[in-house]
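# Observations on the three-dimensional arrangement
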Amino acid sequence: MSIVQFVHLGGFQMIDKRKGMVLITLVLTIILFACGKNEEKSGTTNGNAATISISGSTSVGPLAEKLAEKYKEKNNVNIEINQIGSSAGITNAVNGVSEIGMSSRDLKEEEKASLQETVIAYDGIVVVTHPSNHVKNLTITQVKDIFTGKITNWKEVGGDDLEIVVVSREDGSGSRDAFQEIVGYSSGELVRNSIIASGNGNIKTTVATNKHAVGFISFEYIDESINTVSINGVEATAENVLRQKYSLSRPFLFVHKEENLSDEGKKFIDFILSSEGQKIVRETGAIPVKM
Amino acid sequence: MSTLPVKREKSNKRKYFMEKLSGKVFLFCALLSVISLLLIIGFVFFKGSKPFIGEGYSIVDFLFGNDWVPSENQFGIFPMIVASIYATIGALIIGVPVGLFTAIFLAEIAPKSIAKIISPAVQLLAGIPSVLYGVFGLAVIVPFLQNQLGLIKGQSLIAVILVLAIMMLPTVVTVAETAIRAVPKSYREGSLALGASQIGTIFKVVVPSAKSGIMTAVVLGMGRAIGETMAVILVAGNSLIIPTSLTDSIRPLTTNIALEMGYAFGTHQEMLFATGIVLFSFILLLNFVLARISSKGGN
């Protein structure tokens, strides 16, 4: 039966119309879900090239992805990056599940015993206020008390008699995790009626337009529209982070076991520490190890 | 001798074929929206129901829990449900009277020359991307509330209500105006002939006759308000509290999804889809109400 005859005879009408519609819908649904499944599995695999497996911190992850992307352009190597959190990454490096672990916190003593660490970059966070705010310095405890709602007025920390409005990033944000971890409070303790803004820029705008507000942003977003606050008397500058004086900062670490590190892995770490690698570090907003 | 009928038969076959083919093309286009709907519903429900089916989270805790702390596995969206409802009701209280009076003015009172300016302006309002409403709210309404009314933060329930009220105006005005214009002229003439004033005629005769159309306008405006995201995210403040005053900052259901989807994974992400199901249920309910109204209007 030719297609013309088929159509002439009524074509699809031979199949019950409603059943046809349901069928089409179903088929398309299945195709779409199937596509989605495939996408998850497919990665960039590169023939028979060596593979460097990296796992760990979700804060270091994006930087590592950028570095890997640039590195793979010139080298025939696969780099697998899994962002599963610092502690899990360190455990994987210890057990040899991953060649390299990523961590956004300092290693504990027992972890240091079995692992080599390489600082690939630093991350700095700064507490910001409205330009009219007189408070230029806070201790880390005061920062904690402000963000957990124990201090609710600027006059308690030497400022004007103004209520404090806390501005925070959304739950899940790497900057928020880092800030909370260093300052020492949990998401559940964050003062309830704090404004939640998505992104550094949004926090900056909110703080810049509200004389009550206090927030935190990454170093790269600092400009004249907001006032930066020193912590324990130390100014928020990249130099102070590198001298390890400024406390609202953390290292981005690559950790590995000496015997597990392949030549390819070593080359990748060397690339990150090269001036080209550190340039990428600066581009993604982190503080390079070498100025 | 027999070539002519054969030719005609051929051209006829061609014609039938094209006829059928175009029919199928149209059918396919029409089905696209149905398919999209089913896919979206399927996907959201599939993802959103996972935590309750596979992972042992309780739906009651989810709907009525006060704490939303994803990093500590606490997922309660009650403050957001309340926030969404308050914001929508507030926007209706301001938006509906203004919208309705605008519609009455355009349909009944305004001279043609003035209506010619206002009508396109209202329609243009509908075309403004919602994020621009948000930027406007953040740059104008929020500082106004802070500086003129002396609030400690302008990001608040009242800011959301004001933005949403403006946003729902085009919907309310357009639908209500159409409904009012559809009222037969004889009703007005009858009322006026009996000695009623113009305003009396409008409120006692015209508006009651257009009731179902006006109700449709209100429900559509409600849908616009409850589903709005981008404009709200900038002016709401997104605090996780049950609002007790107009000056509290709020987090409606929509902004919760938009705010956290970027970083969410695992259960957190599934819970955001579950938030989507709740939002979807609200919209579904509104559509149901709408269907009831229009079927009544038909009688």
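Residues numbered from 1 in each chain as written. Chains lettered and ligands numbered in written order. Predicted model: local features only at pLDDT ≥ 70, side-chain atom pairs only at ≥ 80, totals over all residues. Heavy atoms only, no water.

As annotated in an unreviewed UniProt entry, chain B is Phosphate transport system permease protein from Caldibacillus thermoamylovorans. Under the UniProt heading Subcellular location (unreviewed entry), the note attached to chain B is "Cell membrane". The record in UniProt for chain B states the following under Sequence similarities (unreviewed entry): "Belongs to the binding-protein-dependent transport system permease family. CysTW subfamily." (UniProt positions renumbered as here; feature names shortened; annotations may be inferred.)

You'll find chain A entered in an unreviewed UniProt entry as Phosphate-binding protein, with Caldibacillus thermoamylovorans given as the organism. Recorded in UniProt for chain A, the comment headed Sequence similarities (unreviewed entry) runs: "Belongs to the PstS family." Listed under Subunit (unreviewed entry) in UniProt, the entry text for chain A is "The complex is composed of two ATP-binding proteins (PstB), two transmembrane proteins (PstC and PstA) and a solute-binding protein (PstS)."

### What to know about the overall build of chain B
A tally of helices and strands in chain B yields 12 helices and 2 strands. Walking chain B from its N terminus toward its C terminus, one meets helices and strands in the order α-α-β-β-α-α-α-α-α-α-α-α-α-α. Relative to its length of 299 residues, chain B is extended, with a C-alpha radius of gyration of 25 Å against a globular reference of 19 Å. Expressed along its principal axes, the backbone C-alpha trace of chain B runs to roughly 90 × 65 × 35 Å. Per-residue burial over chain B gives 43% buried out of 299 residues. Intrachain contacts of chain B at a sequence separation of at least 6 include 71% that bridge at least 24 residues. (Helix = DSSP H or I, 4+ residues; strand = E, 2+ residues; numbered from the N terminus. Rg over C-alpha atoms; globule rule 2.2 N^0.38 Å. Buried < 20%, exposed > 50% of the residue type's maximum accessible area, 1.4 Å probe, protein only. Contact = heavy atoms within 4.5 Å.)

### Some words on helix α4 (residues 112–127) of chain B
Residue pairs spaced three or four apart in an α-helix point in one direction, given the helix's 3.6 residues per turn. Residues and elements named next belong to chain B. If you check α4, its first and last C-alpha atoms are 23 Å apart, about what 16 residues at 1.5 Å a residue would give, namely 22 Å. Within α4, the full set of buried residues consists of Ala115, Ser119 and Val122. Burial along α4 is one-sided: seen end-on, the buried residues are contained in an arc of 70°. Within α4, the exposed residues directed more than 90 degrees away from the buried face are Ser113, Lys116, Ile117, Leu124 and Gly127. Buried residues in α4 make contact with α3 (78–109) and α6 (157–181). (Expected span 1.5 Å × (residues − 1). Arc of directions from axis to C-beta.)

### Some remarks on the packing of aromatic side chains
Residue and element names in this part refer to chain B. Taken as a whole and judged by the stated rule, the model has 16 aromatic pairs over all chains. Between Phe43 and Phe273 the ring centres are 5.4 Å apart and the planes differ by 85°, which places this aromatic pair in the edge-to-face class. Linking Phe43 in helix α1 (residues 3–53) with Phe273 in helix α12 (residues 266–298), this pair joins segments that are 230 residues apart in sequence. Here Phe43 falls in the partly exposed class, since its relative accessible area comes to 35%. (Phe/Tyr/Trp six-rings, centres within 6.5 Å; stacked < 30°, edge-to-face > 60°.)

### Some remarks on the environment of B:Pro208
All names here are of chain B. The topology assignment puts Pro208 in helix α8 (residues 198–209). Looking at Pro208, the relative accessible area reads 40%, which means it is partly exposed. Each residue touching Pro208, except ones within four places of it in the same chain, is listed here: Ile202 and Phe203.

### Comments concerning the pairing of strand β4 (residues 116–129) of chain A
Residue and element names in this part refer to chain A. Taken across its 14 residues, β4 has 11 buried, putting it largely inside the fold. Bridging between β4 and strand β10 (residues 249–256) involves 8 bridges; their strand directions are antiparallel. Within β10, the residue paired with Ala121 across the bridge is Phe252. Bridge count between β4 and strand β11 (residues 287–288): 2 bridges; the pairing is antiparallel. By the bridge assignment, Tyr122 is partnered in β11 with Ile287. Sheet analysis places β4 next to strand β8 (residues 213–218), joined by 5 bridges and oriented antiparallel. (Pairing = 2+ DSSP bridges.)

### A short note on the domain arrangement of chain A
Residues and elements named next belong to chain A. You can read the domains of chain A as domain 1 (52–123 + 251–288) and domain 2 (124–249). The distance between the C-alpha centroids of domain 1 and domain 2 comes to 29 Å. Domain 1 puts 8 residues into the contact, and the matching count from domain 2 is 13 residues. Per-residue buried area on domain 1 facing domain 2 is highest for Tyr122, Asp123 and Ile287; these three make up 64% of the total on that side. Connecting domain 1 to domain 2 are 0 salt bridges. Of all the secondary-structure elements, those providing two or more residues to the side of domain 1 that touches domain 2 are β4 and β11. Among the residues making up the side of domain 1 that touches domain 2, the classes are represented as 3 nonpolar, 3 polar and 2 charged. (Domains from an automatic or database assignment. Buried area = accessible area lost by both parts, 1.4 Å probe. Salt bridge = Lys/Arg side-chain N within 4 Å of Asp/Glu carboxyl O. Nonpolar A, V, L, I, M, F, W, Y, C, P; charged D, E, K, R; others polar.)

### Quick look at the layout of surface pockets
For the largest pocket, the calculated volume is near 1,200 Å³. Around the largest pocket, the lining comprises 41 residues; the ones closest to its centre are A:Thr58, A:Ser59, A:Gly172, A:Ser173 and A:Gly174. Mapped onto the lining of the largest pocket, the elements with two or more residues apiece are α3 (60–74), α4 (86–95), α7 (174–183) and β10 of chain A together with α12 of chain B. Grouping the constituent residues of the lining of the largest pocket by class yields 12 nonpolar, 20 polar and 9 charged. (1 Å grid on protein atoms, 1.4 Å probe; cavity = no way out; pocket = protein on both sides within 12 Å on 5 of 7 lines; lining within 4 Å. Points joined across faces, edges and corners; volume = space filled by probe spheres on them.)

### Considering empty space enclosed by the protein
Evaluation of the coordinates by the stated rule reveals 4 cavities of 30 Å³ or more. Roughly 170 Å³ of internal volume is contained in the largest cavity. What lines the largest cavity is a set of 18 residues, among which A:Arg176, A:Ser187, A:Leu190, B:Trp68 and B:Leu240 lie closest to the centre. In the lining of the largest cavity, the residues fall into 7 nonpolar, 4 polar and 7 charged. When its volume is computed, the second largest cavity comes out at roughly 80 Å³. In terms of lining, the second largest cavity is formed by 13 residues, of which the most central are A:Ile196, A:Ala197, A:Asn202, B:Ile233 and B:Leu234. Looking at the lining of the second largest cavity, the elements that each hand over two or more residues are β7 (195–196) and α8 (200–208) of chain A together with α10 (230–235) of chain B. Taken together, the residues that form the lining of the second largest cavity break down as 7 nonpolar, 6 polar and no charged.

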